[in-house]
Amino acid sequence: MIYYRQDTWREQIFRFSGTIWPSIWRKQVLMTIYTIASYVFCEKMGGNLGKFKGNFLGGILSFLLVFRTSQSYARYWQGRSLLTGFFCDLREIVILSMTLMPGGARGYQWRWKTSRKGTSTGEKSREMVQSLESFTDDSDRIMSEERVDILRWAFVVAIAFQA
């Protein structure tokens with residue numbers, strides 16, 4: 001992404017770097033000189049460079065502009081839908097992996113106590129947490145590390161997808 005300074009509105013309009021102007025300015029200058037020379041020729045010599053209606057080019061350009069805008073809008077929504085699907089799938093993978101790794105005795109006791117006391121929404125009292133500490137074993141420690149690793153890899157995949 002290109003970040004611009006936003007000091008004044010004139011800098012926004014007359015910006016040269018970071019735009020397409022460095023690659024097309026020569027062609028634009030040639031077309032401007034050609035247009036001015038054609039106008040001067042027609043005014044001085046009374047020439048007529050075409051018999052098209054003045055509205056002919058405007059209709060074609062309008063159609064092409066609408067067509068291009070429609071195509072870009074469709075591509076935008078397709079990309080947004082794919083991105084939304086990707087992040088939903090990533091979330092489902094993380095949730096499924098957390099569910100399938102229950103842990104040891106502490107995890108079992110926590111699930112049993114929260115289902116019995118109706119605190120499955122995550123509301124835990126200090127007494128319940130302190131009472132569960134005595135059940136912590138190696139399986140709980142390993143599963144805790146694995147859960148952190150899964151979250152780290154999910155963040156890595158999400159950040160890599162942005163680039």
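Residues numbered from 1 in each chain as written. Predicted model: local features only at pLDDT ≥ 70, side-chain atom pairs only at ≥ 80, totals over all residues. Heavy atoms only, no water.

Colleague: Now, about the overall build of the chain: what can you tell me, with residues and values included?
Modeller: The helix and strand inventory of the chain stands at six helices and zero strands. Listed N to C, the secondary structure of the chain is α-α-α-α-α-α in terms of helices and strands. Residues classed as buried in the chain amount to 11% of the 163 residues present. Sequence separation of at least 24 residues holds for 56% of the intrachain contacts in the chain that already meet a minimum separation of 6. For the chain, the accessible surface area stands at approximately 14,500 Å², while carbon and sulfur atoms represent 63% of it. (Helix = DSSP H or I, 4+ residues; strand = E, 2+ residues; numbered from the N terminus. Buried < 20%, exposed > 50% of the residue type's maximum accessible area, 1.4 Å probe, protein only. Contact = heavy atoms within 4.5 Å. Areas by Shrake-Rupley, 256 points an atom, 1.4 Å probe, with all protein chains shown as cover.)

Colleague: Describe the side chain of Asp-140, with residues and values.
Modeller: Within the secondary structure layout, Asp-140 lies in helix H6 (residues 138-162). Judged by its relative accessible area of 10%, Asp-140 is buried. In this structure Asp-140 touches Gly-103, Gly-104, Ala-105, Arg-106, Gly-107 and Phe-135, once residues within four positions along its chain are discounted.

Colleague: Please give an account of helix H2 (residues 21-45) that cites residues and values.
Modeller: When the terminal C-alpha atoms of H2 are compared, their 34 Å separation across 25 residues agrees well with the 36 Å that a helix rising 1.5 Å per residue should span. Along H2, the sharpest kink reaches roughly 30°, centred on Lys-27. Of the residues flanking the end of H2, it is Gly-46, one or two places downstream, whose phi is positive at about 70°. (Expected span 1.5 Å × (residues − 1). Bend = angle between axes of the 7 residues up to and from the residue.)

Colleague: Report on the packing of aromatic side chains, specifying residues and quantitative values.
Modeller: Summed over all chains, the structure comprises five aromatic pairs. Consider the rings of Tyr-73 and Trp-77, whose centres lie 6.3 Å apart with planes at 75°: the pair is edge-to-face. Of this pair, Tyr-73 and Trp-77 are both found in helix H3 (residues 56-100), four residues apart, which corresponds to roughly one turn of the helix. Here Trp-77 falls in the partly exposed class, since its relative accessible area comes to 35%. For the ring pair Phe-87 and Phe-161, a centre distance of 6.2 Å and an interplane angle of 90° mean the geometry is edge-to-face. Of this pair, Phe-87 sits in helix H3 while Phe-161 sits in helix H6, and the two are 74 residues apart along the sequence. For Phe-161, a relative accessible area of 40% puts it in the partly exposed group. Here the aromatic residues Tyr-73, Tyr-76 and Trp-77 are joined through ring pairs into a cluster of three or more. (Phe/Tyr/Trp six-rings, centres within 6.5 Å; stacked < 30°, edge-to-face > 60°.)

Scope: geometric values only; no functional claims are made or implied.
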